[in-house]
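Structure at a glance
Okay, here's what each chain looks like letter by letter:
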Amino acid sequence: MIDSHSTKFLPETEPTDHAWDAASGNPRGRCFAFSGSDMLILGTPHESPRIPSWDDLRTWDIPAIRYQYLGTLDGEPCWSAELASGVPVPDIATLCGLRTLYDGLSESHYAIAGRAAQIIAWDRDHQHCGRCGDPTERVAGERGRRCNRCDLTAYPRVTPAVIVLIERDDRILLARGRAFVPRRFGIIVGFVEPGESLEDAVQREVREEVGIELARIDYFGSQPWPFPHGIMIGFRATHLRGEIALGDGELAEAGWYGAKDLPEIPAKLSIARRLIDDWAHRRGFVIDQP
Ligand SMILES: [Zn+2]
């Protein structure tokens, strides 16, 4: 991830005059274009990938099925665009998944790309009303689509998940899910259920998955997780009572690990890693893993 604190993204739903090409009436500026879950970039994922412009797409003769205005980055209009699946791209461009772009894109471009992916998917999936099936129309001034017939309005969905680092003396609880990369350990994560507070969700997930009660639960930070439309809300907690007893089969193993015996942990892309690095920092050491 390339640091880029000097750039500023201003989210907007209504394109300004500046976002249109005056002569042709076409959109202008940066285009975060996706074919399925793959984004169109100039170059390759690990060698300074760049976000194409609308001019690039027109030069390459790549049409957008539909597009959405996202806002401006340092004054430059940014759009998302849905491309057909299997669309041919020129040799100087690549279609690739967001995860592989984490190291190559700037922080601001990566964040806009995640936003673009979610808005494209929402727009695609809400062309018709979820209640009565009639066509929907874009609502002016907000990110919504409304049914002409029954007035149901759909907004982009964000699904919250809690993630928690549990400390017990000088060790932390690490667990390996059945669906994880072999040998890779993570921390406890789960979706928030209707009617729960975030803290309730943390305690429930931990109880269900490893049978432990927590003493305190402190907010740490959050991270959009556009795979496909999540937000991870991170917490730090301390062990109160109970020994590890694996629950309903999501986890293959779990244990307490200290500085000297850490297994392979998540890559720096994730808030899980930020939580673990924060713990290491407070303990006065640095984790030597990518
Ligand atoms: Zn309807």
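For the structure itself, look to the data block above.
The sections below set out a description of the structure shown in this document. Because the structure is a prediction, the values reported are computed rather than measured.

1. Digging into the overall build of the protein chain
Summing up its helical and strand segments, the protein chain has four helices and 16 strands in all. For the protein chain, the C-alpha atoms occupy an extent of roughly 65 × 50 × 35 Å along the three principal directions. Residue burial in the protein chain is summarised as follows: out of 290 residues, 44% are buried. Relative to all contacts within the protein chain whose residues are 6 or more apart in sequence, the contacts with residues 24 or more apart total 63%. Computed over 33 positive and 43 negative side-chain charges, the separation of the two mean positions in the protein chain equals 2 Å.

2. Section: the pairing of strand β12 (residues 171-177)
Counting buried residues along β12, six of its seven residues qualify, which places the element largely inside the surrounding structure. Alignment of strand β11 (residues 159-168) against β12, held across two bridges, turns out to be antiparallel. Looking across to β12, one finds that Glu 167 is bridged to Ile 172. Counting the residues between successive antiparallel strands, the hairpin from β11 to β12 contains two residues, one of them, Asp 169, with a positive phi of roughly 55°.

3. Quick look at the coordination of the zinc ion
Only Cys 129 (SG), Cys 132 (SG), Cys 147 (SG) and Cys 150 (SG) from the protein coordinate the zinc ion, and they sit 2.3 to 2.4 Å from it. Coordination at the zinc ion is tetrahedral: its four donor atoms span angles of 98 to 123° at the metal. Mapping the donors of the zinc ion onto the primary sequence gives the spacing C-x2-C-x14-C-x2-C. Within this pair, whereas Cys 132 is found in the loop between α2 (107-125) and β8 (136-138), its partner Cys 150 is found in the loop between β9 (145-147) and β10 (153-154), the two being separated by 18 residues in sequence.

4. Focus: the sheet that holds β10
Judged by pairing direction, the sheet is antiparallel, and its three strands sit side by side in the order β8-β9-β10 without closing on themselves. Of all strands in the sheet, those bounded by a partner on one side alone are β8 and β10.

5. Some details on unusual backbone geometry
Even without glycine at this site, Ser 48 takes up a positive phi of about 45°. Mapped onto the elements, Ser 48 comes out in strand β4 (residues 47-50). For Asp 169, which is not glycine, the phi dihedral falls at a positive 55°. Along the chain, Asp 169 turns up in the loop between β11 and β12.

6. Side note on the environment of Arg 66
As for its placement among the helices and strands, Arg 66 is situated in strand β5 (residues 66-73). Placed 17 residues apart in sequence, Arg 66 and Leu 83 show a C-alpha to C-alpha distance of 7.8 Å. Leave out the neighbours within four places in its chain, and Arg 66 touches Ser 80, Ala 81, Glu 82, Asp 123, Arg 124 and Gln 127.

7. Let's talk about the pattern of salt bridges
Summed over all chains, the structure comprises 22 salt bridges. Here Arg 149 makes a salt bridge to Asp 134, at a shortest N to O gap of 3.4 Å. Of this pair, Arg 149 sits in the loop between β9 and β10 while Asp 134 sits in the loop between α2 and β8, placing them 15 residues apart in sequence. Residue Asp 134 is classed as partly exposed on the basis of its relative accessible area, which comes to 26%. Across the pair Lys 268 and Asp 277 runs a salt bridge, and its minimum N-O distance is 3.5 Å. According to the relative accessible area criterion, Asp 277 is partly exposed, its value standing at 24%.

8. Re the nonpolar core
By size, the foremost hydrophobic cluster in this structure holds 43 residues, and its most contacted members are Phe 32, Met 39, Leu 70, Leu 174, Ile 187 and Ile 276. Secondary-structure elements contributing two or more residues to this core are β2 (30-35), β3 (38-44), β5, α2, β11, β12 and α4 (271-283). Broken down by element, the residue count for this core peaks at eight residues, all from α2. Leave out the neighbours within four places in its chain, and Leu 70 touches Phe 9, Leu 10, Pro 11, Glu 12, Phe 32, Cys 78, Trp 79, Ser 80, Ile 112, Ala 116, Ile 119 and Arg 143.

9. A closer look at the state of the cysteines
All told, the structure shown has zero disulfides when counted by the stated rule. The thiol of Cys 31 is not disulfide-bonded; the next cysteine sulfur, from Cys 78, is found 9.8 Å away. Using a relative accessible area of 0% as the deciding quantity, one classes Cys 31 as buried.

10. Some points on the side chain of Gln 68
Tracing the sequence through the fold places Gln 68 in strand β5. Looking at Gln 68, its side chain comes within polar contact range of the side chain of Asp 123, at 2.7 Å. With residues up to four places along the chain from it excluded, the contact list for Gln 68 reads Trp 79, Ser 80, Ala 81, Ile 119, Ile 120, Asp 123 and Arg 143.

11. Side note on the layout of surface pockets
Over the atoms a probe the size of a water molecule is rolled, and this reveals where empty space is left. Estimates place the volume of the largest pocket at around 1,000 Å³. What lines the largest pocket is a set of 35 residues, among which Arg 99, Phe 180, Val 189, Trp 225 and Met 232 lie closest to the centre. When residues of the lining of the largest pocket are traced back to their parent elements, those giving at least two are β11, β13 (188-191), α3 (198-210), β14 (213-225), β15 (230-241) and α4. Counting residues per element, the lining of the largest pocket draws most heavily on β13, at four residues. Residues belonging to the lining of the largest pocket are distributed by class as follows: 21 nonpolar, eight polar and six charged. In this structure, the second largest pocket spans a volume of roughly 760 Å³. In this structure, the second largest pocket is lined by 29 residues; those nearest its centre are Ala 111, Gln 223, Pro 224, Trp 225 and Pro 226.

Thresholds applied
- Along every chain, residues carry numbers that run from 1 in the direction the sequence is written.
- pLDDT decides what is reported in this predicted model: residues at 70 or higher carry local features, side-chain atom pairs at 80 or more are listed and counted, and totals for whole chains, interfaces and linings draw on all residues regardless.
- Water and hydrogen atoms were dropped before computing side-chain values, which therefore reflect all heavy atoms in the structure.
- The helix and strand labels rest on DSSP assignments: H or I over at least four residues marks a helix, E over at least two residues marks a strand, and numbering proceeds from the N terminus.
- Relative accessibility thresholds used throughout: buried, under 20% of the residue-type maximum; exposed, over 50%; partly exposed, between the two (1.4 Å probe, protein chains only).
- Should any heavy atoms of two residues lie within 4.5 Å, those residues are considered in contact.
- Counting rule applied: Lys, Arg positive; Asp, Glu negative; His and chain ends not counted.
- Charge placement uses NZ in Lys and CZ in Arg. For Asp and Glu, CG and CD serve respectively.
- We treat two strands as partners when DSSP finds at least two bridges between them.
- With water omitted from the atoms examined, metal sites may look incomplete; donors here are N, O and S atoms no farther than 2.8 Å from the metal, or 3.2 Å in the case of Na, K and Ca.
- Note on geometry labels: four donors, all angles 85 to 135 degrees, give tetrahedral; four donors become square planar and six octahedral when opposite donors are over 155 degrees apart and every other angle is between 65 and 115; remaining cases are irregular.
- Throughout this description, the term salt bridge denotes a Lys or Arg side-chain nitrogen within 4 Å of a carboxyl oxygen of Asp or Glu.
- Throughout, nonpolar core names a set of buried Ala, Val, Leu, Ile, Met, Phe, Trp, Tyr and Cys residues whose side chains join them through atoms within 4.5 Å.
- Put simply, a disulfide is two cysteine sulfurs that come within 2.5 Å.
- Whenever two N or O atoms come within 3.5 Å, that pair is a polar contact, provided that in protein one can donate a hydrogen and the other can accept it, and provided that, for residues adjacent in sequence, both atoms are side-chain atoms.
- Using a 1 Å grid laid over the protein atoms alone, points where a 1.4 Å probe fits but cannot get out form a cavity; open sets with protein on both sides within 12 Å along at least 5 of 7 lines form a pocket; any residue with an atom within 4 Å of a point counts as lining.
- Grid points are joined across faces, edges and corners, and a volume is the space filled by probe spheres set on the points.
- All residues other than Ala, Val, Leu, Ile, Met, Phe, Trp, Tyr, Cys, Pro, Asp, Glu, Lys and Arg, Gly among them, are scored as polar; the first ten of these are nonpolar and the last four charged.

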